[in-house]
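Topology and contacts: notes
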Amino acid sequence: MSHPPTLYLIDGHAQFFRAYHAIRTGLRSAITNEPTNMVFGFTGMLTKLLREQTPEFLAVVIDASGDHGTFRSQLYPEYKAHRDPPPDDFEPQVERCIELCKLLHIPVLAIEEVEADDVIATVVGRVRREHPEVRIRIVSKDKDLGQLLDEQTTLFDAHTGEELNVERLFDSKGVSPSQVVDMLALMGDTVDNVPGVRGIGPKTAAALITEFGSLEALLANLDKVKGKKREAIEQARGVLALSKQLVALKADCEVPFDLASTCVDLRSIDPAAVLELMHTLGFGRLRDEISALLGAGTARRAGETPPAGLAEGEVPAGTASRSRGRTRGTGTGSKPPTNAGERDGGREVDGSGDGETAAVADALDAEGTLFAGSVGAGSDGADLWLAHPASEAFAKGAYRLLRDPASIADFVARAREAIARGANLAVDTETDGLSPVRANLCGISLSLGVGTGVYIPVRSPEPSSHCTLDEVVAIVGPLLSDPATPVIGHNLKFDLNVLRRHGVRIGTLAGDSMVASYLVDSTRASHGLDALAESLLGYRCIPISALIGRGREMRTFDTAPLDRAATYAAEDADIAWRLHERLIREVREKGLEALYRDLEVPIVRVLAELEWNGIRVDAEELERQRAGLEKSIHELRRQIIDLAPRPFNPDSPKQLAEVLFRKPTDDPPGLGLPVIKRTKTGASTDVEVLEKLTLNPEVTSELPSMIVHYRRLTKLVNTYLVALREAIDPSDGRIHASFHQAVTATGRLSSSDPNLQNIPIRSEVGREIRRAFVADPGNLLLAADYSQIELRLLAHLSGDEALREAFRRGDDIHRAVAAEVYGVPPDQVSDEQRSAAKMVNFGIVYGITAWGLARRLGGGATVERARKIIEDYKARFHGIDAFLSACVEQARREGFVSTIMGRRRPVPQVHSRNPAERALGERIAINTVVQGSAADLIKLAMIEVQRLLPERHPGSRLLLQIHDELVLEVPAADAESLRMSVVSSMEAAMALSVPLRVDTGVGPNWFEA
């Protein structure tokens, strides 16, 4: 039986705010760099609604007047007056949501001087009168809208598919829609500043109104209400009429609404325009979902332009992507997995500003959008190759496929001539896999200027038609290894190791457009080549999926048709060249050239060395630890179940919540613990909740703490012991993790595949994992770790003499700080005082709050006590307080903060109208200066240590960088000599007003080092 036609009315701002707060991971478009978290959530909700509910009619209703421009604020100026303004990145995303609705032909209704709820009320009333057969679902959970509900009108949760009538909305039986206004008037609303009766919530209001029938009847019979409730209602009697006016919806607005205009017709939508927006926003998965919903790419009419970007996908910031954002997931392709589109490179900046380089730069200004245009792709990518400008460049000879030795040698000769005139050589490699230390080289692409490029294949479906690997290496290798050849590229770290694996060592790294982009704006969503090309050059690159497919259909690069592989690869080198020329100018304009030349470009080669070397991992030790932990986990699981009031699955958050929070008298019973936090699915059992329950003196059950321990152990097994074993390369028994320099906004390095930076060290069980990281036979591991580096940098940067002097004397810094704060001699500092000073020391640059310190101190420490400790700390170390203020002031004045070496980070949040966002910006400003300076230091140290190894310690290798620690492998006989060299290099890496100290250890494994 078919259901009656249904009109879905989406409460726009309710859904906007829900999406905004549900997705707080900092999503940004890789192309425009705009925030997209709210748009992503709203688009997902809308797509789900269209797909699963197939509505006949659909409209979105939004607020047009804001919080203070409605008749209610005119009636009562205090109405919503205390609301903080929305975050600065909210309204621009609202505009994007409206843009999406228009593309999907969904009407957006907004009327001045009334709220969205009033417009919804008017539309509901009109549809009830004019189209009584139409069912209405209001996509919202707003209790104010309960007054509109009846048998044909319900509230609807698009995320869960749940329908709500009045009784379910208020969780009270017997409530009718006509009584909702009276209930709301009684309850009031602290968020909207609607006056009501103090102490009366939904359940009490429902009980009173259902008992007496109406607010007026309740007031007329107030003598029948007992105790404090009657007193509270009596006191509020004078504001209840106003409250009722404020909460009652206005159902007679002038709304230009016509049901026919809300008719959903997916066939009338232009899929190209919608998918183009998805591409711009970076919504790969949602783009595919909408493509399927609209039937795009499967039922295009003859002569219709293929949807723009259909075969291409960008990914949100923070997720893994490929060098150009071309492929996702594992499997095969031409580039490695990276974070935020990372690829790196280079040793020194090209310092020339004349000759051919300057001429090409001028050409770039004039031709910065060369070959730009919308690109479409059919299911096999055939349309793309015909339409894309790169194919035109290939056809015209600007992009060339070099097959024979003579043509390759001719290019090398012309390249040397151009280099002599000041040109850079852009280099890119194509491979049959994603690991630079394991993948096979398919070909090399080179470019000497804008709009030009060559591809030299070594593996393809036509091996007899081109040179072999040995022939190509013999001709091109000397050019690339020549110190006089300034090599540039995009994520050259990958290309360094691919070429090294095939016998070619690049001599001079002159620049890397990914690194340059990172320095120009470290907060950018993506530094991938594809995203930068579209954002900075107005050029859309050929997506790798159009060449090698996606998912199960993906093939390796060496099986792609050679002419298409050449077009794609030559475009790579061309765009890398053009991006470098564009971005190096910005680097110079921002005064970042020294940082680029002396630190960020040289560190590329060091990171490539780390990835090449890898570190040996003992699989048997991992298995031994896994077996031991699984035995402990099994026993702990048994104890948890025995301790609970009934059997349950400790791995199920839902079942755990029932056990923790149901009352002992419930069926089934629970422990009756207080609910700390709720989610849309019920009471939360996350680690924060469990830790609060553990610290609560009124909670006598050990279950919360046991669950915390149980989760930590299971995470150690699944996330580390199992994952590390899977990451071991069977060819050499080593893990070759990826190290990234263009990911964190502070300048810190990160790692992935696997993430070695997150190996736990705070617990004894976590530290044990380091036993599995071992040296080769006859060698030892050397670990060198900067001691208290952020505090030392804080002392230097702040100029606080008391803190500086404590470091110069070599004091126990936490004891020394405690002595200053509490005004006692160092030998009289208690353990509690030292612990508090330590927490403030480490937390001060992270904007530690009194509440946060009180929580860390535990033992019943009050917020007031914690506030006094922080105030005393700042008063005694006034140089630190002044420095923190100076960081914030720089952010406000210049829009960014700078590290000790001039690295910049934009901090727009400090100008936000939203207090929470502004406070976040202030914390970011402070933290970035200190943590970013620490990042500068460790990178300098890595460069210095790596520089001394080949000559002074040729048998030693740099293996890992973990936060402020370096790990090296050294022949046992050379261990002490290397230790002294490393300590000397690291402690002299940066001249500070306080001494740097490096702690070292040497052993057969990382745990003992």
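Residues numbered from 1 in each chain as written. Predicted model: local features only at pLDDT ≥ 70, side-chain atom pairs only at ≥ 80, totals over all residues. Heavy atoms only, no water.

1. Here's the deal with the side chain of Ser-517
Position of Ser-517 relative to the elements: it lies in helix 19 (residues 513-520). Relative accessible area serves as the criterion here: at 3%, Ser-517 is assigned to the buried category. (Helix = DSSP H or I, 4+ residues; strand = E, 2+ residues; numbered from the N terminus. Buried < 20%, exposed > 50% of the residue type's maximum accessible area, 1.4 Å probe, protein only.)

2. Remarks on unusual backbone geometry
A cis amide bond links Asp-667 with the next residue in sequence, Pro-668, at an omega value of 0°. Position of Pro-668 relative to the elements: it lies in the loop between helix 25 (653-661) and strand 16 (678-679). Along the chain, Asp-753 connects to Pro-754 via a cis peptide bond; the corresponding omega equals 0°. Checked against the element boundaries, Pro-754 lands in the loop between strand 20 (750-752) and helix 28 (764-768). A positive phi is found at Asn-193, a non-glycine position, where the angle reads about 65°.

3. What about the packing of helix 36 (residues 915-952) against helix 37 (residues 975-987)?
At a minimum axis separation of 9 Å, helix 36 and helix 37 run at an interaxial angle of 145°. As helix 36 runs across helix 37, the sense of the crossing is right-handed. Each of Ala-941, Glu-944, Val-945, Leu-948, Leu-949 and Arg-952 in helix 36 lies in contact with helix 37, whose residues at this interface are Leu-978, Ser-981, Val-982, Ser-985 and Met-986. In terms of residue class, the contact of helix 36 with helix 37 is made up of seven nonpolar, two polar and two charged. (Axes fitted to C-alpha atoms, helices over the stretch in contact; angles between N-to-C directions. Left-handed = near helix turned anticlockwise from the far one by under 90°. Contact = heavy atoms within 4.5 Å. Nonpolar A, V, L, I, M, F, W, Y, C, P; charged D, E, K, R; others polar.)

4. Focus: the side chain of Arg-126
Tracing the backbone through its elements, the reader meets Arg-126 in helix 5 (residues 116-130). There is no salt bridge for the buried Arg-126, and the closest opposite charge comes from Glu-130, which lies 4.6 Å off by N-O distance. At a separation of 2.8 Å, a polar atom in the side chain of Arg-126 contacts the main-chain carbonyl oxygen of Val-255. In this structure, Arg-126 is in contact with His-131, Cys-253, Val-255 and Phe-257, ignoring residues within four places of it in sequence. (Lys, Arg positive; Asp, Glu negative; His and termini not counted. Salt bridge = Lys/Arg side-chain N within 4 Å of Asp/Glu carboxyl O. Polar contact = N/O pair within 3.5 Å; in protein donor to acceptor, adjacent residues only side chain to side chain.)

5. Here we look at the pattern of salt bridges
Evaluation of the coordinates by the stated rule reveals 73 salt bridges. Its salt-bridge partner being Glu-52, residue Arg-51 comes within 3.8 Å of it at the nearest N-O pair. On the accessibility criterion, Arg-51 (41% relative accessible area) is partly exposed. A residue is classified by how much of its surface remains accessible, and Glu-52, at 43% relative accessible area, is partly exposed. As a salt-bridge pair, Arg-638 and Glu-635 come within 2.4 Å of each other at their nearest N and O atoms. Of the two residues, Arg-638 and Glu-635 are both situated in helix 24 (residues 619-643); the distance of three residues between them amounts to about one turn of the helix. In this structure Arg-638 comes out as partly exposed when scored by relative accessible area, which is 40%. Each of the salt bridges in this network shares a partner with another, and the network as a whole consists of Lys-48, Arg-51, Glu-52, Arg-285 and Glu-289.

6. Focus: the sheet that holds strand 12 (residues 453-457)
Pairing in this open sheet of six strands is mixed, and the strands run 9-12-11-10-13-14 from one edge to the other. For this open sheet the edge positions go to strand 9 (399-401) and strand 14 (508-512), each flanked by a neighbour on one side alone. Between one strand axis and the next, the sheet turns by 30° as a mean value, whatever way the strands run. Here strand 11 (residues 441-447) pairs with strand 12 via four bridges, running antiparallel. Note on strand 12: the bridge partner recorded for Gly-443 is Pro-457. (Pairing = 2+ DSSP bridges.)

7. A few points about the packing of aromatic side chains
Under the defined criterion, the tally for this structure stands at nine aromatic pairs. Between Tyr-8 and Phe-156, the aromatic rings sit 5.7 Å apart at their centres with planes inclined by 75°, giving edge-to-face as the arrangement. Pair noted here: Tyr-8 is in strand 1 (residues 6-11) and Phe-156 is in strand 5 (residues 153-157), with a separation of 148 residues, a long-range link. Given the relative accessible area of 2%, Tyr-8 is considered buried. On the basis of an interplanar angle of 75° and a centroid distance of 6.5 Å, the ring pair of Tyr-455 and Phe-557 is categorised as edge-to-face. Residue Tyr-455 is found in strand 12, and its partner Phe-557 is found in the loop between helix 21 (545-548) and helix 22 (562-589); the two are separated by 102 residues along the sequence. Residue Tyr-455 is classed as buried on the basis of its relative accessible area, which comes to 1%. Relative accessible area serves as the criterion here: at 2%, Phe-557 is assigned to the buried category. Ring pairing ties together the aromatic residues Phe-17, Tyr-20 and Phe-90, which thus form one cluster. Directly above the aromatic system of Tyr-539 lies the positively charged group of Arg-578, at a separation of 5.3 Å from the ring centroid. Looking at Arg-904, its charged tip hangs above the ring of Phe-896, at a distance of 4.1 Å from the centre. (Phe/Tyr/Trp six-rings, centres within 6.5 Å; stacked < 30°, edge-to-face > 60°. Lys NZ or Arg CZ within 6 Å of the ring centre and 35° of its normal.)

8. With respect to the sheet that holds strand 24 (residues 957-962)
Pairing is antiparallel across the open sheet formed by four strands, whose spatial order is 24-25-21-26. Two strands in the sheet have a free side with no partner beyond their single neighbour: strand 24 and strand 26 (998-1003). Across the sheet, the mean angle separating the axes of adjacent strands is 20° when strand polarity is ignored. Together, strand 21 (779-786), strand 25 (965-971) and strand 26 form the strand contacts of helix 37, whose direction differs from that of strand 21 by roughly 20°.

9. Here's the deal with the packing of helix 33 (residues 850-857) against helix 34 (residues 863-876)
At a minimum axis distance of 8 Å, the contact between helix 33 and helix 34 shows a crossing angle of 110°. Taken together, the axes of helix 33 and helix 34 are roughly perpendicular relative to one another. Here Ala-850, Trp-851, Leu-853, Ala-854 and Leu-857 of helix 33 come into contact with helix 34, specifically with Val-863, Ala-866, Arg-867, Ile-869 and Ile-870. Its residues placed into classes, the contact of helix 33 with helix 34 shows nine nonpolar, no polar and one charged. (Parallel < 35°, antiparallel > 145°, perpendicular 65-115°, else oblique.)

10. A closer look at the environment of Lys-692
Summarising the element assignment, Lys-692 is placed in helix 26 (residues 687-695). Look at Lys-692 and you get partly exposed, because its relative accessible area is 30%. Each C-alpha atom, one on Lys-692 and one on Ala-802, is 36 Å from the other, the two residues being 110 residues apart in sequence. Contact partners of Lys-692, with chain neighbours within four places excluded, come to Ile-676 and Trp-851.

11. Observations concerning the environment of Val-108
Checked against the element boundaries, Val-108 lands in strand 3 (residues 108-109). According to the relative accessible area criterion, Val-108 is partly exposed, its value standing at 27%. For the pair Val-108 and Glu-462, spaced 354 residues apart in sequence, the C-alpha separation works out to 56 Å. When neighbours within four sequence positions are excluded, Val-108 is seen to be in contact with Val-60, Ile-62, Ile-98 and Cys-101.

12. Points about helix 11 (residues 271-281)
Of all 11 residues in helix 11, nine are buried, a share of seventy percent or more. Burial in helix 11 covers these residues: Pro-271, Ala-272, Val-274, Leu-275, Leu-277, Met-278, His-279, Thr-280 and Leu-281. Against the buried residues of helix 11 lie helix 2 (37-53), helix 4 (91-103), helix 12 (284-294) and helix 20 (529-537). Positive backbone phi, at 85°, marks Gly-282, one or two positions downstream of helix 11.

13. Some remarks on the environment of Ile-869
Note that Ile-869 resides in helix 34. When its relative accessible area of 6% is taken as the criterion, Ile-869 is described as buried. Once the C-alpha coordinates of Ile-869 and Tyr-822 are considered, the two residues, 47 residues apart in sequence, prove to be 8.6 Å apart.

14. Considering helix 27 (residues 703-727)
Taking 1.5 Å of rise per residue, 25 residues should cover 36 Å, and helix 27 covers 35 Å from first to last C-alpha, within 8% of that figure. Its maximal kink placed at Val-717, helix 27 deviates by approximately 30°. (Expected span 1.5 Å × (residues − 1). Bend = angle between axes of the 7 residues up to and from the residue.)

15. Topic: the state of the cysteines
In protein chemistry, a disulfide is the covalent bond that joins the sulfur atoms of two cysteines. What the rule picks out here adds up to zero disulfides. You can see Cys-263 has no disulfide; the closest cysteine sulfur is in Cys-101, sitting 16 Å from it. Note on Cys-263: relative accessible area 43%, which makes it partly exposed. (Disulfide = S-S within 2.5 Å.)

16. Observations regarding the nonpolar core
Generally speaking, soluble globular proteins have nonpolar side chains that are buried together. In terms of nonpolar packing, the biggest core is built from 203 residues, with Leu-446 and Tyr-786 touching the most fellow members. Here this core takes 15 residues from helix 36, the largest share from any one element. In this structure Tyr-786 touches Leu-937, Ile-938, Ala-941, Asp-964, Met-986, Glu-987, Ala-989, Leu-996, Arg-997 and Val-998, once residues within four positions along its chain are discounted. With 59 residues, the next largest nonpolar core counts Val-61, Leu-155, Leu-208 and Val-255 among its residues. (Core = buried A, V, L, I, M, F, W, Y, C linked by side-chain atoms within 4.5 Å.)

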